[in-house]
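Close look at the chain arrangement
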Amino acid sequence: MARLPTSFKIEAQLGVTPINIVNEASAGTQSVVTALSFFNTSATEYRLVTVHRINNGSTALATNIIAERSIPPRDSWENVEILSQVFTSGMYAQALVDAGADVNVNCSGDIFS
């Protein structure tokens, strides 16, 4: 009998320090992103959002960027680059913004064991 996946959802505010938008998968599990969006709440400033795919033991580096976009004021970005990517044990995704703390992120997906 097949096991049904468990859903995950992360809602957060981005800053200049990277935050996990896909948490590290536990041993024997896989996480798959089904939706990822960012909204720039600033009324006047463009914000550059960077998304990293990180392997066990690494950090957010220029070599593991999977998507990057400058979001206009009061606009959103539906990130499709990360959709359907599989994160296995020890892997996770992080995002950060170039300045301020006025970008909200919503990420959801499924965890398979």
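This text follows the structure it describes.
What counts and how
- Residues numbered from 1 in each chain as written.
- Predicted model: local features only at pLDDT ≥ 70, side-chain atom pairs only at ≥ 80, totals over all residues.
- Heavy atoms only, no water.
- Pairing = 2+ DSSP bridges.
- Helix = DSSP H or I, 4+ residues; strand = E, 2+ residues; numbered from the N terminus.
- Axes fitted to C-alpha atoms, helices over the stretch in contact; angles between N-to-C directions.
- Salt bridge = Lys/Arg side-chain N within 4 Å of Asp/Glu carboxyl O.
- Buried < 20%, exposed > 50% of the residue type's maximum accessible area, 1.4 Å probe, protein only.
- Polar contact = N/O pair within 3.5 Å; in protein donor to acceptor, adjacent residues only side chain to side chain.
- Contact = heavy atoms within 4.5 Å.
- Core = buried A, V, L, I, M, F, W, Y, C linked by side-chain atoms within 4.5 Å.

The next subject is the sheet that holds strand E5 (residues 65-71). Taken in spatial order, the four strands make up an open sheet running E2-E8-E4-E5, and their pairing is antiparallel. Each of the sheet's edge strands pairs with one partner strand only, and the pair in question is strand E2 (19-22) and E5. Averaged over neighbouring strand pairs, the angle between their axes works out to 25° when direction is ignored. Direction of pairing for strand E4 (residues 47-54) relative to E5: antiparallel, over a ladder of six bridges. Counted as the bridge partner of Val 51 is Ala 67 from E5.

Before going further, it helps to spend a moment on the pattern of salt bridges. Considering all chains together, one arrives at two salt bridges under this definition. Between Glu 11 and Lys 9 there is a salt bridge whose closest N-O contact spans 3.5 Å. For the pair shown, Glu 11 and Lys 9 are each scored as exposed. Residues Arg 47 and Asp 102 are paired through a salt bridge, measuring 2.8 Å at the closest nitrogen-oxygen approach. Here Asp 102 lies in the loop between strand E8 (92-97) and strand E9 (103-112) and Arg 47 lies in strand E4, a separation of 55 residues in the sequence. Grouping residues by exposure puts Arg 47 and Asp 102 together as buried.

Relative to the elements of secondary structure, Asn 40 occurs in strand E3 (residues 30-40). Here the side chain of Asn 40 touches Ser 42 through a polar contact of 3.0 Å, landing on its backbone nitrogen. Once residues lying within four places of it in the same chain are set aside, the contact partners of Asn 40 are Glu 45, Tyr 46, Arg 47, Ile 71, Pro 72, Pro 73, Arg 74, Asp 75, Asp 102 and Val 103.

In this section: the nonpolar core. What tends to happen in soluble globular proteins is that the nonpolar side chains get buried as a cluster. Among the nonpolar cores identified, the biggest contains 21 residues, and Leu 14, Ile 21, Val 33, Leu 36, Phe 38, Val 49 and Val 51 are the most heavily contacted of them. Within the residue set of this core, elements represented by two or more residues are strand E1 (6-14), E2, E3, E4, E5, E8 and E9. Not counting residues up to four positions away in its chain, the partners in contact with Val 49 are Leu 14, Phe 38, Ala 67, Glu 68, Arg 69, Ile 71, Trp 77, Leu 96, Val 97 and Val 103.

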